[in-house]
Amino acid sequence: MLLVWWFAWLGLITAPTGAAHKYLNYTGDIMLGALFPIHHRGSGGNDCGKVQLEDGIQPLEAMLYTLEQINNDPDLLPGIKLGMIAFDSCDSPAYGLEQSLDFVKGFIAHFNEFHEHEFQCQDGSTPKFRGGGFDRVVAVIGAQSSSVTIQVATMLRLFRVPQISYMATSPSLSDPNRFPYFFRTVPSDLNQAHAMLEILRKFNWTYVSVVHSDNEYGTHGYETLRSLAASYNVCFSAPQRVDKEHFGERGYDIVLDNIVNKTEVRVVVVFADKSTTQKLMDAARHHGVVGRFVWIVCDAWSAASSHRGVNIVLNPIDTPELVSDESILEGALAVQPLYRNLAGFDDYFKSLNVSHNTHNPWFEESLKEYCRRQHSATRYRSANMQFQLEEGLTTDVSADEVSTLAEEDTFTTGDPENCDWQKWRGYRQQRYLHFVRDAVYAVAQALHNLQAQLCPGVRGMCKAMRHIDGDQLRTYLSNVTFNDEGGKPFMFMDGRDGPPRYSILNFQKDERGNRYHWKIVGNYTLNDEGLPILNIDNDTIRYRSGENFPPSACATPCAPHQVKIQQQREDTCCWRCRSCGEYQVKVNDYRCEDCPMGFLPSRDHSKCLPIPEEFIDYQNPWAIAAMAVASLGILVTVFVLVIFWTYSDTPIVKASGRELSYLLLVGTLASFCVTFVIVARPTPFTCGLTRFFLGFCYTLCYAAIVTKTNRISRIFNNRPISPHKTRYTSPTSQLVITALLTSVEVVINVSWLMYEPPHVTHSFPTRESRLLICEGLDDYSYMVGLLYPFVLIGLCTAYAVKTRKCPGGFNETRHIAFTNYTAIIIWLAFVPLYLASTSNSIRVVTLAISLSLSGLVQLGCLFFPKLYIVLFKPEKNTKEVVMSQHRSSSYLATPTPTNLTPVAVVVNAGGMHYVQNNDELHSDVTANAGSVVAELNRKAQQQKLRPQYSPQVARQWRGKPSPTASMGRNSPALNQSSTNSIREEDSIDISEQASTKSSPA
């Protein structure tokens, strides 16, 4: 910070001292700086132009008047006098910045005295700039225009000096980062834009053109209007930009041509300064568009033009050219900072005389300008009355009155000594002077609060008040509260901007109908709830000769679900409305867009809303039905398992293969249990379980059936004379084979899950549904896990056919075949229904029911016949019945003649016995082993059968216990290879297989 001050000092000591520049110095204990546009902006190389009575002198005198009121108030800053130092900005940013440099020099001198003592005079005293008045400046009032204010505010922020403007309305000044020390008592143009748009909405003007100046004020104003227009259903057609630095008359004519020829608007908003607006009105008069447009002008022009119109009523001081513009403006509306008289100021201003020039160095110059205006006005009125009298246009004017005006004209020469300036004819108080008053009172009230804290109980200045820090004063300004000129509480909005306070003016003729003036017809202010509201007096607002305001709309506003279809390419404000599609949302005013799958538009088609997820869970009726079937299957499976466990030692259970039967029941039970996983809410976990167990359950069941039928086939299809024992028929071997067959499915499923991990996804069978499903459930990928079980089903069918002639206890061909056929039929019915269905519930339930039905078929075909024998036909649950042979069995060794009595061959150590078996007698016949074999071979030869017995067999049978087998009429003797394998598996007491082959008899 010290470096900033140092370079500022080096830059300023070489700058002009400003001694040649006039400035007002109203001394006090605490000083306020001020910048006012005392003169117009200069031209032709001059810095300043003519003096401004209304916009320059009046606000300056308003500040002097307010300071006197504050200094005379014993309750506000008691014992402290506020003073001011005012400079002329000439309404020029460059010139105003140059004038404000004197304030900076005072700030540097103050910093040198109270912070870093870097400089001193030759006598050792602290240097003072211009006698010390400037180093007591704590804040700056002004400037009036936004362009000048922005330049000054940018510089003052470097020195942390608060600035309060009374008329700068640019929205950019509200940026606390760029202008942290800036305040204003006038509202921002953002509020003015709201007020203008409220007027447009009030009269339902939706088709409007806009003209704006190419400077910060006009550009920001137009951008604000454009950004807010959509919320008011207003469309700005053919916006026109005016570069007043490069525009001549032809440029303004082009602007009017574009509005007139390319649009059908009836309302034009002008957001430009007063000079630009005046030239635009001249162009409108040249085009002869009187009565074509309703002009809505901003505060930058309406304030000055309103006084011109008012002056026309009291004293037509304007030139004839300016007066002729009035018909162009008739019916115009203006938005201006709230008009409110500054109480007592009129009497104060009219009491001023030439001696006031000692306080106000520009007062004498202002008197001369006033007298010059009086001279021009008197001359014009005299000429106008003379013309009306000569042409007979009026009888209200007499020759004496014209003579009197001529005499007055001889004395009104522009010299204050020769004009009647004390009457202040044509004077009218500026409408915004109360904003100047609020700016001064804001600083005074902040200083008062600061004094109360720094100097408690002390009247006047205390030592702590000799140096007022800018940051500290800014904090007090942000929180200041006082009553404005209307008696309403005033406080800065957002700590820096003035509250919305606007007057709505209407340019109309007076009650006589021969004079134009601006009349207040409404306001835009805060209501009791603190919200801005537009108030229009419909009884006082007027268009042209009592006509109604014309409509200005090219198209009606579209409904929220409709978009605009432009009818004219060059005019974006004319359109027809088209509704968005059933499944579309409105992206902007001109385009609709389809909602993505799984989303539907809201009722107003403004956004896409997700469709509620649909999924099957335990509360779904379909799921309840599937779980009921699965529960029934589980109960039946458990029942079968209990029965098999209880009767595990009976022949029928042994013949079915206990271990494989248990494994088959476990697979069936898993098929039923998987239903509860399938109908659960889809998650990655449940999806993974479904994919794995869908094929695994079938694989486990049919792997057990394949192993079982394969064992029986190998046992009974082995060559009858084979001397070797059938391998891999033990329970352990069968379990290992089943595990190996099942492991293939495990590898397939695990690889599948690793390659494509389970996920949940959404399916969209229709545009209005969103199903939460497992990924792959809606295509053919779930069939991957069923390919291998189908192969096993085919193997089961083949082995079932191959073992169709085994003994009754081992022959399950029909049952296995029926099981396989039913399973295939179920899946053939399931696949089309599964793939064709659009209902997630039907798909899931179909999958679950198919598993349950397959399990029930397995129970019914493979286990229920055995359960029937075990529970209801115990007489068939015997070794004899289990070992009984099918009629068409290929395993018959030699048929027994019908006239022979069935016998059983009993082998012992001494030979072979034939035991006759009947109901009454058992006789043992002992014979030589060789003769028995020979006899058996002879009988076999008679039947053209291959001999099955030999002396070697007989020799091997010696010493063995003889089995007792009931050999009925169709019951053959089993070959020993088969009986030995069956005995190992099912513990049926059949002698071991002989190890040698028999020779023919």
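Residues numbered from 1 in each chain as written. Predicted model: local features only at pLDDT ≥ 70, side-chain atom pairs only at ≥ 80, totals over all residues. Heavy atoms only, no water.

Engineer: Help me out: how do you make sense of the overall build of the chain in this one?
Structural biologist: A tally of helices and strands in the chain yields 28 helices and 29 strands. Evaluated residue by residue, the chain yields a buried proportion of 51% over its 1001 residues. Counting only contacts in the chain whose residues sit at least 6 apart along the sequence, the fraction spanning at least 24 positions is 71%. Accessible surface for the chain amounts to roughly 45500 Å². Of this, 54% is attributable to carbon and sulfur atoms. (Helix = DSSP H or I, 4+ residues; strand = E, 2+ residues; numbered from the N terminus. Buried < 20%, exposed > 50% of the residue type's maximum accessible area, 1.4 Å probe, protein only. Contact = heavy atoms within 4.5 Å. Areas by Shrake-Rupley, 256 points an atom, 1.4 Å probe, with all protein chains shown as cover.)

Engineer: Just checking my understanding: could you explain the sheet that holds strand E7 (residues 163-165) for this structure?
Structural biologist: In any sheet, the strands associate via hydrogen bonds between backbone groups, in a parallel or an antiparallel arrangement. Within the open sheet, the 6 strands sit side by side as E1-E5-E2-E6-E7-E8. Their pairing is mixed. Strand pairing shows two members of the sheet lacking a second neighbour, strand E1 (23-26) and strand E8 (182-184), which therefore form its edges. Along the sheet, successive strands turn relative to each other by an average axial angle of 20°, direction set aside. Taken together, the 4 bridges between strand E2 (residues 30-36) and strand E6 (residues 137-141) define a ladder with parallel strand orientation. Residue pairing in the sheet places Gly-33 in a bridge with Val-140 of E6. Strands E2, E6, E7 and E8 of the sheet are contacted by helix H4 (residues 146-156), whose axis makes an angle of about 165° with E7. Here helix H16 (residues 470-478) sits on the sheet in contact with E6, E7 and E8, set at roughly 30° to E8. (Pairing = 2+ DSSP bridges. Axes fitted to C-alpha atoms, helices over the stretch in contact; angles between N-to-C directions.)

Engineer: What's the story with the packing of aromatic side chains in this structure? I'm lost.
Structural biologist: Two aromatic rings are characterised by how far apart their centres lie and by the angle between their planes. Counted according to the given criterion, the structure contains 32 aromatic pairs. On the numbers, 6.0 Å between centres and 70° between planes, the contact of Tyr-65 with Phe-345 is edge-to-face. Here Tyr-65, found in helix H2 (residues 53-71), pairs with Phe-345, found in helix H12 (residues 345-350); they are 280 residues apart in sequence, far enough to count as distant. Its relative accessible area of 0% is what places Phe-345 among the buried residues. (Phe/Tyr/Trp six-rings, centres within 6.5 Å; stacked < 30°, edge-to-face > 60°.)

Engineer: Quick question: what am I supposed to make of helix H6 (residues 216-229) here?
Structural biologist: Residue pairs three or four apart in sequence face the same way in an α-helix, which turns once every 3.6 residues. For H6, which comprises 14 residues, the first-to-last C-alpha distance of 20 Å matches the rise-based estimate of 20 Å (1.5 Å per residue) to within 8%. What H6 keeps buried is the set Tyr-217, Gly-218, Gly-221, Tyr-222, Thr-224, Leu-225, Leu-228 and Ala-229. In an axial view of H6, the angular spread of the buried residues amounts to 160°, which keeps them on one side of the axis. Of the exposed residues in H6, the ones pointing more than 90 degrees away from its buried face are Arg-226 and Ser-227. (Expected span 1.5 Å × (residues − 1). Arc of directions from axis to C-beta.)

Engineer: Please clarify how the pairing of strand E4 (residues 48-51) should be interpreted in this entry.
Structural biologist: For strand E3 (residues 39-41) and E4, the ladder comprises 2 bridges, and the chain directions are antiparallel. Residue pairing in the sheet places His-39 in a bridge with Val-51 of E4. Counted between consecutive antiparallel strands, the loop separating E3 from E4 contains 6 residues, among which Gly-44 sits at a positive phi close to 65°.

Engineer: What am I meant to see in the state of the cysteines here?
Structural biologist: In protein chemistry, a disulfide is the covalent bond that joins the sulfur atoms of two cysteines. Inspection of every chain in the model, using the stated rule, returns 7 disulfides. Here Cys-554 is linked by a disulfide to Cys-574, with a sulfur-sulfur distance of 1.7 Å. Measuring handedness by torsion sign, the sulfur bridge of Cys-554 and Cys-574 sits at about 115° and is right-handed. Here Cys-554 is found in the loop between strand E18 (532-536) and strand E19 (562-568), whereas its partner Cys-574 is found in strand E20 (residues 571-579), with 20 residues between them in sequence. For Cys-554, a relative accessible area of 29% puts it in the partly exposed group. Residue pairing for Cys-687: its cysteine sulfur links by disulfide to Cys-774, the two sulfurs lying 1.9 Å apart. On the sign convention where negative is left-handed, the bridge of Cys-687 and Cys-774, at about -85° about the S-S bond, is left-handed. Here Cys-687 is found in helix H20 (residues 684-716), whereas its partner Cys-774 is found in strand E26 (residues 771-774), with 87 residues between them in sequence. (Disulfide = S-S within 2.5 Å.)

Engineer: Sorry if this is basic, but what is going on with a nonpolar patch on the surface here?
Structural biologist: Taken together, the side chains of Phe-639, Tyr-647, Tyr-868, Leu-871 and Phe-872 define a hydrophobic patch exposed on the protein surface, amounting to about 510 Å² of accessible area. Of all the elements, helix H24 (residues 840-872) adds the most residues to the nonpolar patch, at 3 residues. Relative to the assigned elements, Phe-872 resides in helix H24. A residue is classified by how much of its surface remains accessible, and Phe-872, at 58% relative accessible area, is exposed. (Patch = residues over 30% accessible without salt bridge, like charges linked within 9 Å, V, L, I, M, F, W, Y side chains within 5 Å. Salt bridge = Lys/Arg side-chain N within 4 Å of Asp/Glu carboxyl O.)

Engineer: Got a minute to help me understand the packing of helix H17 (residues 621-646) against helix H19 (residues 658-678) in this structure?
Structural biologist: Where H17 contacts H19, the two axes come as close as 8 Å, and the packing angle between them is 160°. Considered as vectors, H17 and H19 are oriented roughly antiparallel to each other. Crossing hand, H17 versus H19: left-handed. Contact residues: Ala-626, Met-627, Ala-630, Ser-631, Gly-633, Ile-634, Thr-637, Val-640, Leu-641, Phe-644 and Trp-645 in H17; Ser-661, Tyr-662, Leu-665, Thr-668, Leu-669, Phe-672, Cys-673, Thr-675 and Phe-676 in H19. Grouping the amino acids of the contact of H17 with H19 by side-chain chemistry returns 14 nonpolar, 6 polar and no charged. (Parallel < 35°, antiparallel > 145°, perpendicular 65-115°, else oblique. Left-handed = near helix turned anticlockwise from the far one by under 90°. Nonpolar A, V, L, I, M, F, W, Y, C, P; charged D, E, K, R; others polar.)

Engineer: Looking at this model, I keep getting lost on the sheet that holds strand E12 (residues 294-297). Mind explaining?
Structural biologist: On the basis of which strands lie adjacent, the open sheet formed by 8 strands has the order E10-E9-E11-E12-E13-E16-E17-E18 and mixed pairing. What marks the edges here is a single partner per strand, and that holds for strand E10 (235-242) and E18. Adjacent strand axes in the sheet meet at a mean angle of 25°, parallel and antiparallel pairs treated alike. Where strand E13 (residues 333-337) and strand E16 (residues 501-509) come together, 5 bridges link them in antiparallel fashion. Residue pairing in the sheet places Leu-333 in a bridge with Asn-506 of E16. Sheet contacts for helix H5 (residues 189-202): strand E9 (207-213), E10, strand E11 (267-271), E12, E13, E16, strand E17 (516-526) and E18; angle to E11, the most-contacted strand, approximately 170°. The sheet strands contacting H6 are E9, E10 and E11, and the helix crosses E9 at an angle near 155°.

Engineer: Just to check I follow, could you spell out the pattern of salt bridges for this structure?
Structural biologist: It is possible for side chains of opposite charge to pair when their charged atoms get near one another. Applying the stated rule across the entire model yields 17 salt bridges. Of the charged contacts in the structure, one is a salt bridge between Asp-102 and Lys-105, with a shortest N-O distance of 3.8 Å. Taken together, the positions of Asp-102 and Lys-105, both in helix H3 (residues 93-114) and 3 residues apart, correspond to about one turn of that helix. Of the charged contacts, one joins Asp-484 and Arg-501 as a salt bridge, the two residues approaching to 3.3 Å between their closest N and O atoms. Residue Asp-484 is located in the loop between strand E14 (482-483) and strand E15 (489-490), and its partner Arg-501 is located in strand E16; the two are separated by 17 residues in the primary sequence. Residue class for Asp-484 comes out buried when judged on its relative accessible area of 7%. Assessed through its relative accessible area of 6%, Arg-501 is described here as buried.

Engineer: Explain the confidence of the model for the chain here, please?
Structural biologist: Note: predicted coordinates in regions of low pLDDT should not be interpreted at a detailed level. When pLDDT is averaged along the chain, the result is 76, and 73% of the positions lie at 70 or above. Taken as a whole, residues 303-324 scores under 50 in pLDDT and shows 41 contacts with residues more than four places along the chain or in a different chain. Every residue in residues 886-937 scores below 50 in pLDDT, and together they form 105 contacts with partners more than four places removed in sequence or on other chains. (pLDDT = per-residue confidence, 0-100.)

Engineer: Sorry, what's going on with helix H7 (residues 249-262) here?
Structural biologist: Taking 1.5 Å as the rise per residue, H7 with 14 residues should run 20 Å; its terminal C-alpha atoms sit 20 Å apart, in good agreement. Taken together, the buried positions of H7 are occupied by Gly-251, Tyr-252, Asp-253, Val-255, Leu-256, Asn-258, Ile-259 and Val-260. Along its buried surface, H7 packs onto E9, E10, E11 and helix H8 (274-287).

Engineer: Help me understand the pairing of strand E21 (residues 584-588) in this model?
Structural biologist: Within a regular beta strand, the side chains point alternately toward one face of the sheet and then the other, so they alternate between its two faces. Pairing between E21 and strand E22 (residues 591-594): 4 bridges, direction antiparallel. Across the sheet, residue Asn-588 finds its bridge partner in E22, namely Arg-591. Joining the antiparallel neighbours E21 and E22 is a turn of 2 residues.

Engineer: When you look at the side chain of Lys-564 in this model, what are you seeing that I'm missing?
Structural biologist: Mapped onto the elements, Lys-564 comes out in strand E19. When near neighbours in sequence (up to four residues on either side) are disregarded, Lys-564 contacts Cys-558, Trp-575, Arg-576, Asp-589 and Tyr-590.

Engineer: Just checking my understanding: could you explain the nonpolar core for this structure?
Structural biologist: Nonpolar side chains in soluble globular proteins tend to be buried together. In this structure, Phe-36, Met-63, Met-84, Phe-345 and Leu-447 are the most contacted members of the largest nonpolar core, which totals 66 residues. Sort the elements by how many residues they give to this core and helix H15 (residues 433-454) lands first, with 12 residues. Apart from the residues lying within four places of it in its own chain, the contact partners of Phe-345 are Gln-58, Glu-61, Ala-62, Tyr-65, Tyr-427, Gln-429 and Leu-433. Counting 58 residues, the second-largest nonpolar core is a separate cluster that includes Val-674, Tyr-702, Phe-830 and Ile-869. (Core = buried A, V, L, I, M, F, W, Y, C linked by side-chain atoms within 4.5 Å.)

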